[in-house]
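Per-entry structural report
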Amino acid sequence: MAKKITGYIKLQIPAGKANPSPPVGPALGQRGLNIMQFCKEFNAATQTMEPGMPVPVVITAYGDRTFSFIMKSPPNTYFLKRAAKIEKGSSTVGKGGAVGRVTMSQLREIAAQKIQDTNANDIEGLVRMLIGSARSMGLTVVEG
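Residues numbered from 1 in each chain as written. Predicted model: local features only at pLDDT ≥ 70, side-chain atom pairs only at ≥ 80, totals over all residues. Heavy atoms only, no water.

Moving on: the packing of aromatic side chains. What the rule picks out here adds up to 5 aromatic pairs. Aromatic side chains Phe-38 and Phe-67 sit 5.9 Å apart centroid to centroid with 70 degrees between the ring planes, which places their arrangement in the edge-to-face category. Linking Phe-38 in helix α2 (residues 35–45) with Phe-67 in strand β3 (residues 67–71), this pair joins segments that are 29 residues apart in sequence. Pair check on accessibility: Phe-38 and Phe-67 agree, each one buried. When the ring centre of Tyr-62 is taken as reference, the NZ or CZ atom of Lys-3 above it lies at 5.0 Å. (Phe/Tyr/Trp six-rings, centres within 6.5 Å; stacked < 30°, edge-to-face > 60°. Helix = DSSP H or I, 4+ residues; strand = E, 2+ residues; numbered from the N terminus. Buried < 20%, exposed > 50% of the residue type's maximum accessible area, 1.4 Å probe, protein only. Lys NZ or Arg CZ within 6 Å of the ring centre and 35° of its normal.)

Turning next to the sheet that holds β3. Reading across from one edge, β1-β2-β3 is the order of the 3 strands in this open sheet, with antiparallel pairing throughout. Edge positions in the sheet fall to β1 (5–14) and β3, since each has one partner strand and no second. In this sheet, neighbouring strand axes are inclined to one another by 20 degrees on average, regardless of whether the strands run parallel or antiparallel. Here 9 bridges tie β1 to strand β2 (residues 54–62), and the two strands are oriented antiparallel to one another. The residue of β2 that forms the bridge with Gly-7 is Ala-61. Packing against the sheet, α2 makes contact with β1, β2 and β3, and its axis sits at approximately 30 degrees to β3. (Pairing = 2+ DSSP bridges. Axes fitted to C-alpha atoms, helices over the stretch in contact; angles between N-to-C directions. Contact = heavy atoms within 4.5 Å.)

Turning our attention to unusual backbone geometry. The omega torsion across Pro-22 and Pro-23 is 5 degrees, close enough to zero to call that bond cis. Mapped onto the fold, Pro-23 is located in the loop between β1 and α1 (24–29). In this model, Arg-65 sits at a positive phi of 65 degrees, which is unusual for a non-glycine residue. Mapping Arg-65 onto the fold places it in the loop between β2 and β3.

So, on to the environment of Lys-3. Mapped onto the fold, Lys-3 is located in the segment before β1. Each C-alpha atom, one on Lys-3 and one on Thr-66, is 9.3 Å from the other, the two residues being 63 residues apart in sequence. Beyond its immediate stretch of four places on either side in the chain, Lys-3 contacts Tyr-62, Asp-64 and Thr-66. At 3.2 Å, the side chain of Lys-3 and the side chain of Thr-66 are in polar contact. (Polar contact = N/O pair within 3.5 Å; in protein donor to acceptor, adjacent residues only side chain to side chain.)

Geometry only, nothing functional implied.
Right, dumping it as structure tokens:
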């Protein structure tokens with residue numbers, strides 16, 4: 001018989017840096033889950049990734065106080081900032097002065113990495129979504 005699911009917890013944790021401090025500890029603690037076990041498993045699963053890369057994770061809590069988790073790919077903005085080599089997006093979007101630029105080939109590479117975690121029908125649809133994200137961050141999209 002399948003275990004009874006008591007809830008889902010959605011967090012975004014830097015790769016390899018899960019620890020019992022907030023937000024991880026309180027979120028798991030209130031459901032009675034083993035915080036250290038999650039931290040060890042998450043850090044082991046993310047050790048091949050770039051340290052500090054934000055990883056969205058969905059934790060499924062079961063009635064017997066066990067859990068499972070699914071890791072998603074990092075947010076679009078993380079990849080866009082890395083491709084444009086900037087620390088953060090523009091704080092005044094639309095008022096001129098782009099903070100960086102990304103090429104169409106970079107957007108296609110990002111789309112190829114993210115396609116399994118999105119609702120886009122194909123790579124081109126996802127590239128169009130990424131173009132919108134890039135523009136809202138104050139990035140210029142150029143051919144290339």
